[in-house]
Amino acid sequence: MTETTRGNWTSNAGFVLAATGSAIGLGNLWKFPFITWENNGGAFVLVYLICIAAVGLPIMMAELLIGRRSQKSAVGALKEAAGPLWGIVGGWGVIAAFILLSYYTVIAGWSLYYFAKTVGWSIGGLPGGTSMGDVFNAQSGNPGLQLALSLGFSIGTIAVVYFGVQRGIERIARIFLPILFGILVLMLFSALGMSGSGEALTFIFRPNFGALEPKSILEALGHSFFTLSLGMGAMITYGSYIARNQSVVKASGMIVLLDTLIALVATVIMFSVIFSVAGMADEVGGSTVGMLFISLPQLFFSEVPFGSLLGPLFYVLVALAALTSTMSLLEVVTSYMIDERGLGRHKATFISGGAIFVFTIFAALSFTDTPFLSTLNIFGEGKDGWFSTADHFVSNWMLPTGGLFITLAAGWFMTRKATESELVDGTQPGWFRYGAWRVFIRFVAPAAVLAIIIAVILGRDFS
Ligand code: PHE
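Residues numbered from 1 in each chain as written. Predicted model: local features only at pLDDT ≥ 70, side-chain atom pairs only at ≥ 80, totals over all residues. Heavy atoms only, no water.

### Here we look at the environment of Val439
Within the secondary structure, Val439 sits in helix H20 (residues 431–457). Considering only alpha carbons, one finds Val439 and Thr227, 212 residues apart in sequence, at a separation of 23 Å. (Helix = DSSP H or I, 4+ residues; strand = E, 2+ residues; numbered from the N terminus.)

### Brief notes about helix H2 (residues 26–38)
Between its first and last C-alpha, H2 extends 17 Å over 13 residues, near the 18 Å set by a 1.5 Å rise per residue. In the structure, H2 departs most strongly from a straight axis at Phe32, where the bend amounts to approximately 35° and where the proline Pro33 lies between one and four residues downstream. Burial analysis of H2 places 12 of its 13 residues in the buried class, which makes it a mostly covered element. When we look at burial in H2, the residues that qualify are Leu26, Gly27, Asn28, Leu29, Trp30, Lys31, Phe32, Pro33, Phe34, Ile35, Thr36 and Trp37. Looking one or two residues beyond H2, the residue adopting positive phi is Asn40, at roughly 65°. (Expected span 1.5 Å × (residues − 1). Bend = angle between axes of the 7 residues up to and from the residue. Buried < 20%, exposed > 50% of the residue type's maximum accessible area, 1.4 Å probe, protein only.)

### Description of the nonpolar core
Phe15, Ile66 and Phe314 are the most contacted members of the largest nonpolar core, which has 161 residues in total. Tallying contributions element by element places helix H15 (residues 307–341) first for this core, with 18 residues. Discounting residues that sit within four places of it in the chain, Phe314 has contacts with Met187, Met270, Leu292, Leu296 and Phe300. (Core = buried A, V, L, I, M, F, W, Y, C linked by side-chain atoms within 4.5 Å. Contact = heavy atoms within 4.5 Å.)

### What about the packing of H2 against helix H5 (residues 87–124)?
Running from amino to carboxyl end, H2 crosses H5 at an angle of 85°, the nearest separation of the two axes being 12 Å. Considered as vectors, H2 and H5 are oriented roughly perpendicular to each other. Between H2 and H5, the contacting residues are Leu26, Gly27 and Trp30 on the first element and Tyr104, Ile107 and Ala108 on the second. A class-by-class count of the residues in the contact of H2 with H5 yields five nonpolar, one polar and no charged. (Axes fitted to C-alpha atoms, helices over the stretch in contact; angles between N-to-C directions. Parallel < 35°, antiparallel > 145°, perpendicular 65-115°, else oblique. Nonpolar A, V, L, I, M, F, W, Y, C, P; charged D, E, K, R; others polar.)

### Let's talk about the pattern of salt bridges
Under the definition given, this model contains eight salt bridges. A salt bridge links Glu422 to Arg69; its shortest N-O distance comes to 3.5 Å. Residue Glu422 is found in helix H19 (residues 416–423), and its partner Arg69 is found in helix H3 (residues 42–70); the two are separated by 353 residues along the sequence. Accessibility expressed as a relative area gives 36% for Arg69, which makes it partly exposed. Note that Glu80 and Lys72 form a salt bridge whose closest N and O atoms lie 2.6 Å from each other. Since its relative accessible area comes to 31%, Lys72 is described here as partly exposed. (Salt bridge = Lys/Arg side-chain N within 4 Å of Asp/Glu carboxyl O.)

Rendered as structure tokens:
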């Protein structure tokens, strides 16, 4: 496929928004606040910020430069950058995207449900005696509803990718991301006005190293991959649509900065709400889904000023953030079909989206008691179903190993000249910036990632 028929971002801003949209997602709104909570705040947040800067940023630059250099998607790009065998690493990424999308869609679907529910409560009032735990279990345990929600979300994702890089992905990111930022700012102001905001800020930003456990360091590192969409070729693919005159270094800095900012803002919002209610802090513990889908909806209707307006808006925010991530995941698989299998975009999108949806069905039914699945018993039942199996495998194994190989490809297998010409544009003395990147990508990042992999082998679970 020639460069002219291949998509390109229309502008630097469009690209940065699309890549930021991929990075910002359920990882920021759902996973980060929860793991910050579990790991006692302050010190964990500081370690996370260090991981983002020392490992996330260099790998972000590596992925984007590999993509831009080859103007090919994950498999072709890695082959061209580091040699034919490296296509396997790209293929590993395509499989990771496939699996990740299959279960990510399910949680994205829940945000649609909570949007509809909160709108209903805003209009009709919250019926007395409603238990949010029951509401949650009723929705996640209802097979028909689960299938409908994830089908709806999958169709949305497929529709965006169908229209391609400029008319689909970039356009949606351009419209939705500013809305997402707007909603967050609105919620931040509302949260800062609440009585618990001081306590929340202290919890998040005052490091208490006594409360930091060694496993938290690894968890912070693992999450920096997930949240920046690294380790599976999403950023290689997005990088392949960057024009030659756009700067990889500046774009990487911007994406990483925005993603981090949003994760912190989301955490401040959630904790301000939680700390404002006596006894809530103890209740939140428990489960990952608890915070986003059980505690928050309750609080919107009892504690948050203008909660009946902000509640539905918040779930719109979750849905938009999820969509700009799911479309990047589907693009990884679709662009592989286009570049390596020679399919047209429309056909490639339908085939990839359809195949992934088959696995989404298993993920969607993971929370239900579905006789069909129990009989089939392929992936185990209940909460041990496809959902948890897939999440465990992708977060713990696929992203770190993919990331490790990407650092090796960029740091050791590509020539210095090749990477330097992508990162440094001739007019400026870039040796300092380049030299620093090279040290991080050759030594710091692979050593850190290897540490996660060894920890996983020794039995530490990150999911
Ligand atoms: N970065 C996304 C999030 O934080 C998840 C994601 C991972 C998206 C990998 C694409 C690729 O939710």
